[in-house]
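# Fold and geometry: a report
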Amino acid sequence: MATSPASPPRTPVAPPRVLTVAGSDSGGGAGIQADLKAMLALGVHGMSVITAVTAQNSLGVNGAWELPAEAVRAQFRSVVDDIGVQAVKTGMLASAELVDTVAGLLVDVSAPVVVDPVGVSKHGDALLATEALDTVRTRLLPVATVATPNLDEVAQLTGVEVAAERDLRRAADAILEFGPRWALIKGGHLEGDAVDLLTDGTEEHWLRAARHDNRHTHGTGCTLAGAIASYLALGADVPRAVTAAKEYVTGAIAAGFPLGRGIGPVDHGWRWR
């Protein structure tokens, strides 16, 4: 009996590539580790530029050491010049020098950039020097496709205090004045449903999700920003990328699990379990 000729071997195709520029979380719940887990879960190839090393666990940050600007620049150029990127996400940048360095590198990147202006950890530990805030405003936010501040970061950067859902529009307007194309104001600290506002100053998208009674939410902001970058790399426009990322992180929050004696992480692999 005749047999069919063997099919030629299939040449593997690389998935979309996403670069995270952020700090390392030794507990694995936030920072670089959270970003890479989210990227894997969403089907993109994650790459990293480590800006700082933290010693942290479920109880808080016990120490943080920023890397030299030269090391950050070398990591970035090594990845971008050879492998290329289809989206970039920034997280903990620690100092004015590192914010300025990263902003300068991003100016020449044509891929979308998601800026998570990390200022304080889930446990209340400072992750950005106070003197770096103006550099975030004037250098980093202007290169952002999407900026994703939480309410504490909005207050740090703009002085706008958000006490109710009606204040989210005012907060978004204040962030947009610094130059990002889109602002995603995360209202997760408000009472009631978890509501976020995404806007470019003209178009508005109100994103709502039920609030889950789960204290294990370490890494929420990092995971959301990493997911947005992943969906942008997969070809979604900003509203669709943010909507899909919100759905993903809501599921991760619902599945967050206890770890150690404090606040456990969200579950980046919840869709697999």
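Residues numbered from 1 in each chain as written. Predicted model: local features only at pLDDT ≥ 70, side-chain atom pairs only at ≥ 80, totals over all residues. Heavy atoms only, no water.

Naming follows an unreviewed UniProt entry, where the chain appears as Putative phosphomethylpyrimidine kinase of Streptomyces bingchenggensis.

## Looking at the overall build of the chain
Within the chain, the secondary structure is distributed over 8 helices and 9 strands. Scaling as 2.2 N^0.38, a compact globule of 273 residues should have a C-alpha radius of gyration of about 19 Å, and the chain matches this with 19 Å. Here the C-alpha coordinates of the chain stretch approximately 80 × 45 × 45 Å along the principal axes. Here the chain holds 273 residues, and 55% of them are scored as buried. In the chain, once contacts between residues fewer than 6 apart in sequence are set aside, the share between residues at least 24 apart is 67%. Of the charged side chains in the chain, 22 are positive and 30 negative; the average position of the first set lies 5 Å away from that of the second. (Helix = DSSP H or I, 4+ residues; strand = E, 2+ residues; numbered from the N terminus. Rg over C-alpha atoms; globule rule 2.2 N^0.38 Å. Buried < 20%, exposed > 50% of the residue type's maximum accessible area, 1.4 Å probe, protein only. Contact = heavy atoms within 4.5 Å. Lys, Arg positive; Asp, Glu negative; His and termini not counted. Charge placed at Lys NZ, Arg CZ, Asp CG, Glu CD.)

## A few points about the sheet that holds strand 7 (residues 182-186)
Reading across the sheet, the 9 strands line up as 3-2-1-4-5-6-7-8-9 and stay open at both edges, with mixed pairing between neighbours. Only two strands of the sheet have a single neighbouring strand rather than two, namely strand 3 (60-66) and strand 9 (204-209). In the sheet, strand 7 pairs with strand 8 (residues 194-199) via 4 bridges, with the strands oriented antiparallel. Bridge pairing in strand 8 links Lys 186 to Asp 196. Across the sheet, helix 2 (residues 69-82) touches strand 1 (17-25) and strand 2 (45-57), and the angle it forms with strand 2 is around 155°. (Pairing = 2+ DSSP bridges. Axes fitted to C-alpha atoms, helices over the stretch in contact; angles between N-to-C directions.)

## Examining helix 7 (residues 220-233)
Across its 14 residues, helix 7 extends 20 Å between first and last C-alpha, which sits within 8% of the 20 Å expected from 1.5 Å per residue. The buried fraction of helix 7 is high, at 14 of 14 residues. A positive phi of about 110° marks Gly 235, the residue just after helix 7. (Expected span 1.5 Å × (residues − 1).)

## Examining the pairing of strand 8
Counting buried positions over the 6 residues of strand 8 gives 6, a clear majority of the element. On strand 8, burial covers both faces: Ala 194, Asp 196 and Leu 198 on one face and Val 195, Leu 197 and Thr 199 on the other are all buried. A loop of 4 residues connects strand 8 with strand 9, the two strands running antiparallel in sequence, and Gly 201 in this loop sits at a positive phi of about 100°.

## Remarks on empty space enclosed by the protein
If you walk through the whole model with that rule in mind, you get 1 cavity of 30 Å³ or more. In this model, the largest cavity occupies a volume close to 40 Å³. Lining the largest cavity are Thr 90, Gly 91, Leu 93, Asp 116, Pro 117, Val 118, Leu 128, Val 136 and Leu 140. Looking at the lining of the largest cavity, its residues break down into 6 nonpolar, 2 polar and 1 charged. (1 Å grid on protein atoms, 1.4 Å probe; cavity = no way out; pocket = protein on both sides within 12 Å on 5 of 7 lines; lining within 4 Å. Points joined across faces, edges and corners; volume = space filled by probe spheres on them. Nonpolar A, V, L, I, M, F, W, Y, C, P; charged D, E, K, R; others polar.)

## Examining the packing of helix 2 against helix 3 (residues 96-106)
Two elements in contact, helix 2 and helix 3, have axes separated by 10 Å at closest approach and are oriented at 25°. As judged from the angle between their axes, helix 2 and helix 3 are roughly parallel. Regarding helix 2 and helix 3, the two cross each other, and that crossing is right-handed. Together, Ala 69, Val 72, Arg 73, Phe 76 and Arg 77 of helix 2 and Glu 97, Leu 98, Thr 101, Val 102, Leu 105 and Leu 106 of helix 3 make up the contact between the two elements. A breakdown of the residues in the contact of helix 2 with helix 3 according to their chemical character gives 7 nonpolar, 1 polar and 3 charged. (Parallel < 35°, antiparallel > 145°, perpendicular 65-115°, else oblique. Left-handed = near helix turned anticlockwise from the far one by under 90°.)

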